[in-house]
Amino acid sequence: QEARAVEADGLARRFLQLLDSKEQVVGERLEDNTEVYRAAGPGDMAILFRAMTDVGTYEQALRRYGIPFYTVAGSGFFARQEVVDVLNVLRLLLQPHAPLSLAAVLRAPWVGCSDAVLFWMATEDAWGDLRSARLRKRIDPEEARRIDGFLEWFETLRSRRDQLPIAGIIAELLQQTLYRAVIATRPDGQQALGNLRKLVDLARQFDAGP
């Protein structure tokens, strides 16, 4: 494991060196076969693995040096928080009043409610009615506005649940919310956005069938 960490650090430093030196790569080939060069970017580099066992070590090294990356086939893809967040919304569309799914969605960046809101929801048994007067008396007005915003896009999405394929539901979800803008500000924002694109691609493949 230590050897992997050393190798990962060395690769990350080499990538950073190439980026800082503006190493030239072929950016375009014209009709007369003339090659137009440009400075290398992160998308011009790749690390190939025989197995994904130690991929996390390399991801950590790239993050440490501030190099954006996208893991094409990580074994922990479905454990990534941004993927889990989307899956929780899909579960909630199937069971709109399921407490666990609802709590997960409300606490995620989709809504950003505090633990206090979940406490009062449980206390007032308001899982099935987020507009409950008893709940609204307990929570902060800003929290109430967050919930109203959630209800607006969630109810719209739910009304179209049976009209759209899974990929369409996810695309609509991301379009109606600020989720992508929020996660883009994270240190691993580009990776997270890439994972969302991959999730949509996987949903399209599923929708298309075998």
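Look up a bit, the structure's there.
The sections below set out a description of the structure shown in this document.

Attention shifts here to the overall build of the protein. Each helix and strand in the protein was counted, giving 10 helices and 2 strands. Along the chain direction, N to C, the helices and strands of the protein fall in the order α-β-β-α-α-α-α-α-α-α-α-α. Relative to the 2.2 N^0.38 estimate, which gives 17 Å for 210 residues, the radius of gyration of the protein is 22 Å and therefore markedly larger than a compact globule would have. For the C-alpha atoms alone, the extent of the protein along its principal axes is close to 65 × 45 × 35 Å. By residue count, 39% of the 210 residues in the protein fall in the buried class. Looking at the protein alone, contacts between residues at least 24 apart form 54% of all its contacts between residues at least 6 apart. Carbon and sulfur atoms make up 53% of the accessible area of the protein, which amounts to about 12800 Å² in all. Within the protein, the 29 negative side-chain charges are centred at a point lying 3 Å from the centre of the 27 positive side-chain charges.

Next up on the list: the environment of Asp201. Tracing the sequence through the fold places Asp201 in helix α10 (residues 189-208). Asp201 sits in the partly exposed class, given a relative accessible area of 39%. The spatial distance from the C-alpha of Asp201 to the C-alpha of Ala167 is 7.5 Å, given a sequence separation of 34 residues.

Time to look at the pattern of salt bridges. Per the counting criterion, the structure on display carries 19 salt bridges. Glu124 serves as the salt-bridge partner of Arg138, at 2.9 Å between the closest nitrogen and oxygen. With a gap of 14 residues between them, Arg138 in helix α6 (residues 133-138) and Glu124 in the loop between α5 (115-123) and α6 connect regions that are remote in the sequence. On the basis of relative accessible area, Arg138 is assigned to the partly exposed category, the value being 43%. Residue Glu124 is classed as buried on the basis of its relative accessible area, which comes to 11%. Taken together, the shared-partner salt bridges in this structure form one network comprising Arg80, Glu82, Arg186 and Asp188.

Rules used throughout
- Residues numbered from 1 in each chain as written.
- Predicted model: local features only at pLDDT ≥ 70, side-chain atom pairs only at ≥ 80, totals over all residues.
- Heavy atoms only, no water.
- Helix = DSSP H or I, 4+ residues; strand = E, 2+ residues; numbered from the N terminus.
- Rg over C-alpha atoms; globule rule 2.2 N^0.38 Å.
- Buried < 20%, exposed > 50% of the residue type's maximum accessible area, 1.4 Å probe, protein only.
- Contact = heavy atoms within 4.5 Å.
- Areas by Shrake-Rupley, 256 points an atom, 1.4 Å probe, with all protein chains shown as cover.
- Lys, Arg positive; Asp, Glu negative; His and termini not counted.
- Charge placed at Lys NZ, Arg CZ, Asp CG, Glu CD.
- Salt bridge = Lys/Arg side-chain N within 4 Å of Asp/Glu carboxyl O.

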